Amino acid sequence: MARKTSSILPNSAKREEFLLLEERLLRENIENKGKNYRIRKFLKRSIQLGLVYSVIVALIASIVLLWKYYILSYDWLAVNTVTLETNGVFTPEQTFRLLQIKDKNELASTNTQELEQRLIKCPAIRNAMVSHVLKNKPTLYIDVEARIPIAWVDCPELSIVPNDTTYGIFIDKEGVLFPSIKDVHEPLIKKSTLPAISIRPNSTGQLTYGVPIAELKAPVKLLDLLSGNDIAAYLPGIVSISTPNNWSFCVQFTNNCIATFSPYDIEQQTQRLAKILEHARKTNKKIATVNLIPVHNIPVTFDESFEEIPDAEVVE
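Quick summary incoming for the structure in this document. The model shown is predicted, which means the values in this text are computed figures rather than measured ones. (Residues numbered from 1 in each chain as written. Predicted model: local features only at pLDDT ≥ 70, side-chain atom pairs only at ≥ 80, totals over all residues. Heavy atoms only, no water.)

Attention shifts here to the packing of aromatic side chains. Tallying each qualifying case throughout the model produces 3 aromatic pairs. Note on Phe170 and Phe178: the rings are 5.7 Å apart at their centroids and 35° apart in plane angle, and the pair reads as tilted. For Phe170, a relative accessible area of 0% puts it in the buried group. Ring plane angle 10° and centroid distance 5.5 Å describe the contact between Phe249 and Phe261, whose orientation is recorded as stacked. Of this pair, Phe249 sits in strand S9 (residues 249-253) while Phe261 sits in strand S10 (residues 258-261), and the two are 12 residues apart along the sequence. Residue classification places Phe261 among the buried positions, given a relative accessible area of 0%. What links up through ring pairs into an aromatic cluster is the set Trp152, Phe170 and Phe178. (Phe/Tyr/Trp six-rings, centres within 6.5 Å; stacked < 30°, edge-to-face > 60°. Buried < 20%, exposed > 50% of the residue type's maximum accessible area, 1.4 Å probe, protein only. Helix = DSSP H or I, 4+ residues; strand = E, 2+ residues; numbered from the N terminus.)

Below, the discussion takes up the sheet that holds strand S2 (residues 125-133). Within the open sheet, the 3 strands sit side by side as S1-S3-S2. Their pairing is mixed. Here the strands that pair on one side only, and so sit at the sheet edges, are strand S1 (81-86) and S2. When the angles between neighbouring strand axes are averaged without regard to direction, this sheet yields 10°. Against the sheet, helix H3 (residues 92-99) engages S1, S2 and strand S3 (139-146), with an angle of about 110° to S1. (Pairing = 2+ DSSP bridges. Axes fitted to C-alpha atoms, helices over the stretch in contact; angles between N-to-C directions. Contact = heavy atoms within 4.5 Å.)

What follows is about helix H8 (residues 266-282). Each turn of an α-helix holds 3.6 residues, which means side chains three or four residues apart point in the same direction. For H8, which comprises 17 residues, the first-to-last C-alpha distance of 25 Å matches the rise-based estimate of 24 Å (1.5 Å per residue) to within 8%. Restricting attention to buried positions, one finds in H8 the residues Ile266, Gln269, Thr270, Arg272, Leu273, Ala274, Ile276, Leu277 and Ala280. Elements that come into contact with the buried residues of H8 comprise helix H7 (217-227), S9, S10, strand S11 (287-291) and strand S12 (300-302). (Expected span 1.5 Å × (residues − 1).)

It is worth spelling out the side chain of Arg147 at this point. Looking at the secondary structure, you find Arg147 in the loop between S3 and strand S4 (151-154). Of the residues examined, Arg147 reaches a relative accessible area of 8% and is grouped as buried. Of the polar contacts made by the side chain of Arg147, one reaches the side chain of Asp172; its length is 2.8 Å. Not counting residues within four places of it along the chain, the set of residues in contact with Arg147 comprises Val89, Pro123, Ala124, Ile125, Arg126, Asp172, Glu174, Val176, Phe178 and Gly210. (Polar contact = N/O pair within 3.5 Å; in protein donor to acceptor, adjacent residues only side chain to side chain.)

Let's shift gears to the layout of surface pockets. Here the largest pocket is characterised by a volume of approximately 350 Å³. Secondary-structure elements contributing two or more residues to the lining of the largest pocket are S3 and H7. Top contributing element to the lining of the largest pocket by residue count: H7, with 5 residues. Tallied by class, residues from the lining of the largest pocket come to 9 nonpolar, 4 polar and 6 charged. Estimated volume of the second largest pocket: approximately 270 Å³. As for the second largest pocket, its lining consists of 15 residues, and the residues nearest its centre are Ala214, Lys217, Ala218, Asn246 and Pro263. Per-element tally for the lining of the second largest pocket: the top contributor is H7, with 4 residues. Its residues assigned to classes, the lining of the second largest pocket comprises 8 nonpolar, 4 polar and 3 charged. (1 Å grid on protein atoms, 1.4 Å probe; cavity = no way out; pocket = protein on both sides within 12 Å on 5 of 7 lines; lining within 4 Å. Points joined across faces, edges and corners; volume = space filled by probe spheres on them. Nonpolar A, V, L, I, M, F, W, Y, C, P; charged D, E, K, R; others polar.)

This brings us to the packing of H7 against H8. Relative orientation and spacing of two packed helices are given, respectively, by the angle between their axes and the distance between those axes. Following both chains from N to C, one finds H7 and H8 inclined at 55°, their axes separated by 10 Å at the closest point. What the angle tells us is that H7 and H8 run oblique. Considering only the axes of H7 and H8, their crossing is right-handed. When H7 is examined against H8, the residues Ala218, Lys221, Leu222, Leu225 and Leu226 are found in contact with a partner set consisting of Ile266, Glu267 and Thr270. Within the contact of H7 with H8, the residues separate by chemical class into 5 nonpolar, 1 polar and 2 charged. (Parallel < 35°, antiparallel > 145°, perpendicular 65-115°, else oblique. Left-handed = near helix turned anticlockwise from the far one by under 90°.)

Our focus in this paragraph is the pairing of S4. Both S4 and strand S5 (residues 169-171) contribute to a ladder of 2 bridges, which runs antiparallel. Counterpart to Ala151 in the pairing with S5 is Ile171. Of the pairings in the sheet, the one linking S4 to strand S7 (residues 196-198) comprises 3 bridges and is parallel in character. Looking across to S7, one finds that Val153 is bridged to Ile197.

Attention now moves to the nonpolar core. Val153, Leu177 and Leu273 are the most contacted members of the largest nonpolar core, which totals 36 residues. Broken down by secondary-structure element, the contributors of at least two residues to this core are S4, S5, H7, strand S8 (238-242), S9, S10, H8 and S11. Core analysis: the next-biggest nonpolar cluster, separate from the first, contains 22 residues, Leu99, Leu115, Ala128 and Ile189 among them. (Core = buried A, V, L, I, M, F, W, Y, C linked by side-chain atoms within 4.5 Å.)

As structure tokens, then:
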């Protein structure tokens, strides 16, 4: 006796009249079940999805509670070591003050990205990295790179003056402004005398932190050049830098000489200044002003009040 088998035919294998018949039967079936069939079907589907989402939320809440009240209670997982690396500006106490950490449980439970944002939010910090290292001893690794001040901001329009560790503003090597923090920067600047750079407020009448200022690019480049170049040994120190316009800036040195620079070819202009000052020393003259923008026939004025000191006679 032959065994009967049945299989579902794909729509492509069915004749058109059979497809129309199936559609009519399906419509009649829905009508026989009542007008609220679609609503009941939607509610059933919604309940199923709601149960799935409820299970997922319950699992997440269980994991959070398990981590906070059970796992962290074990000594082998609780962070008991903190490794801090800085570039010498911020002390450990000052760093933890910025992190706003109160107890050791918060070290492990607080998201490392949130800790990083607490540090980076401080304008005096250039970059920060915080990570958990779970090895033999769970450790919180903190790496802080603070901005190094190379000059003061001088902005009379906003009553910002140099050498004010309470309300003053610094400039770093990238031309970025950041406010002075008295207990952080006061010990640092005592080791050196920083020059002052005069700048103007932006269109909103304020100074912007955290981004390079275009008009400071050339003065900062000059300071960086003199800090790591042999030419600096033949030049006096810089007292202040002013930026009267976009095509030049003026530098006052410790010997009261005022030199006008162009924002371009600063290294060549610095070499010309070194030669001019060396020639003035050999001829017992003191330069009052010098315009270094021209390559040839450089305008120079001398200090007429400077008393020429003759060379000492050789004593036999």
